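Here is how the chains run, residue by residue.
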Amino acid sequence: MATILRHLTLSPRRFFSVSAALRLDTAVWTPARLASVRPAAESLFHVAIDVSDSPDLVASHTRAGQYLQLRLPDVAKASFLAIASPPSASASSGVFEFLVKSIAGSTAELLCGLRRGDFVELSPVLGRGFEIDRISPPDDYRTVLIFATGSGISALFVRHFGSLPSEPVPDLFISPIRSLIESGFSAHKRSDVRLYYGARNLKRMAYQDRLKDWESSGVEIVPVLSQPDDKWTGEHGYVQAAFCRAKKIYSPHSTGAVLCGQRQMTEEVTSILVANGVSREKILKNF
């Protein structure tokens, strides 16, 4: 208790962090059945959970970029997961979809080893998600630059609660971005929408089967591999470096951005964008 009281004398942001952590400790958990678990890429799994019997939980998923906690029966540690399915799809199908990395010794590893029909428990949906209204209407924000790399949910956890969880965070950067793109943010009405999608190599890149559909919706996909094989001829290194090589900010006042990933990436990309005249208010994050 003394430790908590020391935190409560700090800034309002820190007060919010402690309050949020306490709310999670007393969260109402909703039982739900696994609909499917299948491979997505190397060490990655698509996980679908049937929430059709929990309409209030489904209705609380209102924006791309939101997340929740998942725990397993008789397992003490919960896992933070960003919801990969767009809110409209979750509402129509009654299913929450996730992209999960299996990490040895974690709740995620146990989750990825479960089968259809097994029970899990879900917390309420958390987070504000991506505030797309800040870069709307599309006629005023013709350019939207999207950057996804690293473990976006880890950065989110640190910002909310002040430290990393007690076990490795098994969620991935691209989950919130998939939700955003498939939610529809009028990409086809904008003249320049680019996704700089960073991964170690193609074996670690999830959603390759969806990239053509994303491009059809008006999003240019720029894959950036940090450790590609010798056959790779595309962008390499880090997404911020790939963006600097391309640059192409034609009108900073009509440019918005969406960032989800490691803190170093988000900080460097923000600095580059602001230096080129993009307003900080138009750089969106889901935390």
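For the structure given in this document, a descriptive report is provided here. Since the model is a prediction, treat every value here as computed from it, not as a measurement.

1. Observations concerning helix α10 (residues 263-275)
The α-helix advances 3.6 residues per turn, and as a result positions three or four apart in sequence lie on the same side.
Link 1 in the chain: Between its first and last C-alpha, α10 extends 18 Å over 13 residues, near the 18 Å set by a 1.5 Å rise per residue.
Link 2 in the chain: Taken residue by residue, α10 has M265, T266, V269, T270, I272 and L273 as its buried positions. An end-on view of α10 places all buried positions within 165 degrees of arc, on one side of the element. The exposed set on the far side of α10, more than 90 degrees from its buried face, consists of Q264 and A275.
Link 3 in the chain: Residues of α10 that are buried sit in contact with β7 (143-149), α9 (239-246), β11 (255-261) and β12 (283-284).
Link 4 in the chain: Looking one or two residues past α10, G277 carries a phi angle of roughly 95 degrees, positive in sign.

2. Focus on the pattern of salt bridges
Link 1 in the chain: For the structure shown, the criterion picks out eleven salt bridges.
Link 2 in the chain: Between D133 and R63 there is a salt bridge whose closest N-O contact spans 3.8 Å. You can see D133 sitting in the loop between β6 (119-122) and β7 and its partner R63 sitting in the loop between α3 (55-59) and β3 (67-71), a full 70 residues away along the chain.
Link 3 in the chain: The partly exposed category is assigned to R63, whose relative accessible area is 30%.
Link 4 in the chain: Its salt-bridge partner being R134, residue E131 comes within 2.6 Å of it at the nearest N-O pair.
Link 5 in the chain: Overlapping salt bridges, with partners in common, bring together R63, E131, D133 and R134 in one network.

Analysis parameters
- Residues numbered from 1 in each chain as written.
- Predicted model: local features only at pLDDT ≥ 70, side-chain atom pairs only at ≥ 80, totals over all residues.
- Heavy atoms only, no water.
- Helix = DSSP H or I, 4+ residues; strand = E, 2+ residues; numbered from the N terminus.
- Expected span 1.5 Å × (residues − 1).
- Buried < 20%, exposed > 50% of the residue type's maximum accessible area, 1.4 Å probe, protein only.
- Arc of directions from axis to C-beta.
- Contact = heavy atoms within 4.5 Å.
- Salt bridge = Lys/Arg side-chain N within 4 Å of Asp/Glu carboxyl O.

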